[in-house]
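Analysis of the macromolecular model
Each chain is listed here by its residues.
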Amino acid sequence: MYPSLDTWNFSSPLISLWINRFYIYLGFAFGISLWICFQIVIRKQLFIFKGKNSKDESVPKATRDLMTNGYISLQKKDILVSGVKIFYGSQTGTAKGFAASLAEAVTSLGLPVAVINLQEYDPDDHLVEEVTSKNVCAFVVATYTDGRPTESAEWFCKWLEEASSDFRFGKTYLKGMRYAVFGLGNSAYANHFNKVGKNVDKWLWMLGAHRVVARGEGDCDVVKSKHGSIEADFRVWKTKFISRLQALRKGERKPCGGNCKKGQCESSAEEEPFESTSEEESGTEDHQNLNSVVDVEDLGKIMNCVKKEKREKELQEEKSTLVRNAMKGEASERRAMITPALREALTKQGYQLIGSHSGVKLCRWTKSMLRGRGGCYKHTFYGIESHRCMETTPSLACANKCVFCWRHHTNPVGTEWRWKMDQPEMILKEAIENHQNMIKQFKGVPGVREDRFEEGMMVKHCALSLVGEPIMYPEINRFLKLLHECKISSFLVTNAQFPVEIRNLKPVTQLYVSVDASTKDSLKKIDRPLFKDFWQRFLNSLKALAAKQQRTVYRLTLVKAWNVDELQAYAELVSLGNPDFIEVKGVTYCGESSASSLTMANVPWHEEVVHFVRELVALIPNYEIACEHEHSNCLLIAHTRFKIDGEWWTWIDYNRFQELVQEYEDSGGLTNFSAKDYVAKTPLWALFGASERGFDPKDTRYQRKNKSKDISGC
C-alpha cells in the first residue's frame, strides 16, 4: 500500500529538506518537554513577585525570609542549632568536670558553647529565653545520697519544681526549648538514685521543653555501674548527645524516620515519657552484654578494672567527706532575692532597695499630706498621719500573682523562704534612712507645709504592704518588735496563704488579710496562688485571724465582673474569721500589662462599691458601715463592738498601743491586750454619710487636671 523505503531517493533535495525539518521539530519538542518539566519542579520553590514590597500571604514566612527581590537566595541557610549551653550543679567537682569535657566535645563541632554554674544562673529571668534561642541546653546535675540537689543547683531545682506545678506557666511555657540531662548518683542509695536528674528532666518536660536525647545516668557504684564507672557512663551518654547534635544540625527531626513505636523515639518529647533513660533505650544488645557469660581469660582484667574503680571511688568519697567536713557548721550560701534584672526594674519604679530582699517607697498619700492636700483612707478610718507613714516590706517575694497587683509582677514569687537573709536591725535602719532621704527631697518644694515636713522626718507608722508577702520573712517578729521599740505602729498585710505564720505572729497594731474572692474558683482566678492547697490555706488563715486579740481587718478588693456577685459566700467568710473591720475597695487600674488582663471596665464606680457594701452588711449580723473615703473608692465596715454609746471608735490611740505592747514584751507575752484597749473616737467628718465623704477638712482638696494618676500607695 505504501511505497517501500528502498524506492525512496534520499539524495533528493526535497526529501532531505523534510528530513532536516523533522529533526529540527523533534529537537524543539524535546526541548519544550524538558523546559515544562523543569518549570514544574522549580515552581514549588520559585516565586516571582510583582514588586519588592509586595507580600503573598500564601507563601510560607520561612520561604519569604529566604528570598531576595522575589527569588530564593541559595546562599542563605536556616540555622538549626546556634550553640550549646551546658549547665552544671556540682559539689565535689565531678559534674563540673563532665561539663567541661562535654564543652570540649561540642567545640570540636565548631559550635559556640557556654558552661554555666547553676548557682550563678537566674531561671526566672533567663530560662524562657532558650525557647527562641535555637540553643541546645545540657544539664549535668548531681544528687546527694539523701536525694537532695547540691547547694549550687538547689535554687534552680526549687524554681523549676514550683514552675512546673504553677498553672500560670502551663505546659507550653518552655515549648521550643531543647534540652538533655545527665544525672550523677549512687545506686547504693536506691530510693534516691539520680533523683535530681530525673526531676529536672521531668520538670522541663512538664513545662513543654523538647528532649533531644534520653536522660543519662552515671553511677558512682562501680559494681552496679552500667559501663563500669561513672566516667564511662558519661562517655557513653556524651557520644549519644554529640551524635544527636550533629543530626539536629543537619535538620534530622526523627532518627527513626517517623516509624517509631510510641515511647521509643527520643526526638519527640510528646512520645517519650519523662521516666525514660538511656539505659531503657539501650535495647537488647545491652541486656545481652549484661547477661552473657564472661570468658575465664577475661575475668582477671574485669576484676582489676573493678578494683581500680573501687579505689578511685574511695578516694573520691574521702575527698567529698573532707569538703563536707570543711563546710560543716557553716550555713550554705544562698542567693540574693534581688537579681540584677529585678533591681533594675524596681529601681525604675521608684523603689529604694535595701540589702538583698527588702525595699521602701514613698507613698503618693505621703506626698499629698506633706502639701496639705489630704491623707489616705487609713487616715480617715484609723487616724494615721499619712505624711509620717513609711511604706516598706522586708520581703519582696510573694506567693500570689494577683491580677490587680500594681507592681505588674516584677517581684519574685515563692512558697517558702529560700534566699539569703538580712538582719532586721539593718533593714529597719536603712528603711528609715531611705524614707527620710526621700522626704528631704520635698524641702522647699512649693506647697509643702513646713510643719508637715518636720513631722514627716519622724516616722510614726509603718505600712508593711508595699509589695510581696512580709510575713514570709523569717525574722518578721523581730522586725515588728524593733518597730515598736522605735514607737512606730505596725500595719501588716498578708495574702492569707501562711496560716502557721499568722498564728505565730506577735501583736501588731493592725493585722490585715486580703480576701480577694469568696470561692475557690474565683480566688484561683484573681489571686493566682502558687500553693496547690491554696484554698485550705486561705480558710486556715482566716481561722488563725479569728484567734488574734489585737485589731484585725478583712481587705476586699472589688473587681467588676469578677468577684462582685459572691455576697453570700463573702458573708460566710466573715463568720469564719470574725474580723474587727472590713475594708471594701474598688480595684485600682494600673495600666496595660502583659501580667494582667484587667481594663478600666473592671473598675467599679464608687456608687457601685457603696451598693455592694450595703448588700453585704445586710447579710452579716453585728456589722455596720462606719466610714467612707470617696477619693480612694473605699468604705469601712466595722463590728458594732466599736460603736460605743452610739458613736464610732474606729481610730487608734497610738500612744496607748505602744504602752500596751511594751507591757506585753516586758511580761514575756503573759500580759496580753485586746483591740478595744487602744481605741480612739472617730471624727464626724470621717463617718459614712458625712458631707466631707472622708476628706479631712483641715486640708485642701486638690483636683488634678489632665494628669495621669500615680497609682502607687497603700
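The text that follows walks through the structure, step by step, so that each part is easy to find.

Reading the values: rules and limits
- Residues numbered from 1 in each chain as written.
- Predicted model: local features only at pLDDT ≥ 70, side-chain atom pairs only at ≥ 80, totals over all residues.
- Heavy atoms only, no water.
- Helix = DSSP H or I, 4+ residues; strand = E, 2+ residues; numbered from the N terminus.
- Buried < 20%, exposed > 50% of the residue type's maximum accessible area, 1.4 Å probe, protein only.
- Contact = heavy atoms within 4.5 Å.
- Axes fitted to C-alpha atoms, helices over the stretch in contact; angles between N-to-C directions.
- Parallel < 35°, antiparallel > 145°, perpendicular 65-115°, else oblique.
- Left-handed = near helix turned anticlockwise from the far one by under 90°.
- Nonpolar A, V, L, I, M, F, W, Y, C, P; charged D, E, K, R; others polar.
- Phe/Tyr/Trp six-rings, centres within 6.5 Å; stacked < 30°, edge-to-face > 60°.
- Lys NZ or Arg CZ within 6 Å of the ring centre and 35° of its normal.
- Pairing = 2+ DSSP bridges.
- Core = buried A, V, L, I, M, F, W, Y, C linked by side-chain atoms within 4.5 Å.
- Right-handed = clockwise from strand over helix to strand, strands pointing away.

For the protein chain, the count of helices and strands is 22 helices and 22 strands. Residues classed as buried in the protein chain amount to 49% of the 714 residues present. Taking the contacts inside the protein chain whose residues are at least 6 apart along the sequence as the reference set, 75% of them involve residues at least 24 apart.

So, about the packing of helix 20 (residues 567-577) against helix 21 (residues 606-617). Where helix 20 contacts helix 21, the axes come no closer than 10 Å and their chain directions differ by 60°. For the element pair helix 20 / helix 21, the angle class is oblique. Viewed along their axes, helix 20 and helix 21 form a crossing whose handedness is right-handed. Contact with helix 20, carried on its side by L567, Y570 and A571, involves F612, E615 and L616 of helix 21 and no other residues of that element. Class assignment for the residues of the contact of helix 20 with helix 21 results in five nonpolar, no polar and one charged.

Below, the discussion takes up the packing of aromatic side chains. Within this structure, the stated rule accounts for 25 aromatic pairs. A ring pair is formed by W651 and W685, whose centres lie 6.2 Å apart and whose planes are at 80°; its orientation type is edge-to-face. In this pair, W651 sits in strand 21 (residues 651-652) while W685 sits in the segment after strand 22 (679-680), placing the two residues 34 residues apart along the sequence. Ring geometry for F673 and Y678: centres 5.9 Å apart, planes at 70°, overall edge-to-face. Members of the aromatic cluster, joined through ring pairs, are F98, F182, F234, W237 and F241. Against the face of Y351 rests K361, its NZ or CZ located 5.1 Å from the ring centre. One Lys or Arg, R418, reaches over the ring of W155 and ends 4.7 Å from the middle of that ring.

Take the sheet that holds strand 12 (residues 461-464) next. Taken in spatial order, the ten strands line up as 9-10-11-12-13-14-15-16-18-17 in an open sheet, and their pairing is mixed. The sheet is open, and its two edges are formed by strand 9 (352-354) and strand 17 (623-629), each paired on a single side. The sheet shows a mean angle of 25° between the axes of neighbouring strands, taken without regard to direction. Alignment of strand 17 against strand 18 (residues 634-639), held across six bridges, turns out to be antiparallel. Its bridge partner lying in strand 18, H629 is registered against C634.

For the rest of this paragraph, the subject is the nonpolar core. V515, F538, L556, I582, V584 and I637 are the most contacted members of the largest nonpolar core, which totals 87 residues. Among the elements that line this core, the one with the most residues is helix 19 (residues 534-546), at seven residues. Each residue touching V584, except ones within four places of it in the same chain, is listed here: L556, L558, V609, F612, V613, N633, C634, L635 and I637.

One face of the sheet, then the other: side chains in a regular strand alternate in exactly this way. Across five bridges, the pairing between strand 3 (residues 83-89) and strand 4 (residues 113-117) is parallel. Of the residues in strand 4, the one forming a bridge with I86 is V115. For the crossover from strand 3 across helix 3 (residues 94-107) to strand 4, the handedness is right-handed.

It is the contact of helix 18 (residues 520-527) with helix 19, at a shortest axis distance of 10 Å, that shows an interaxial angle of 100°. Compared by their axis directions, helix 18 and helix 19 come out roughly perpendicular. On the side of helix 18, the interface is formed by K520, L523 and K524, while helix 19 contributes F534, W535 and F538.

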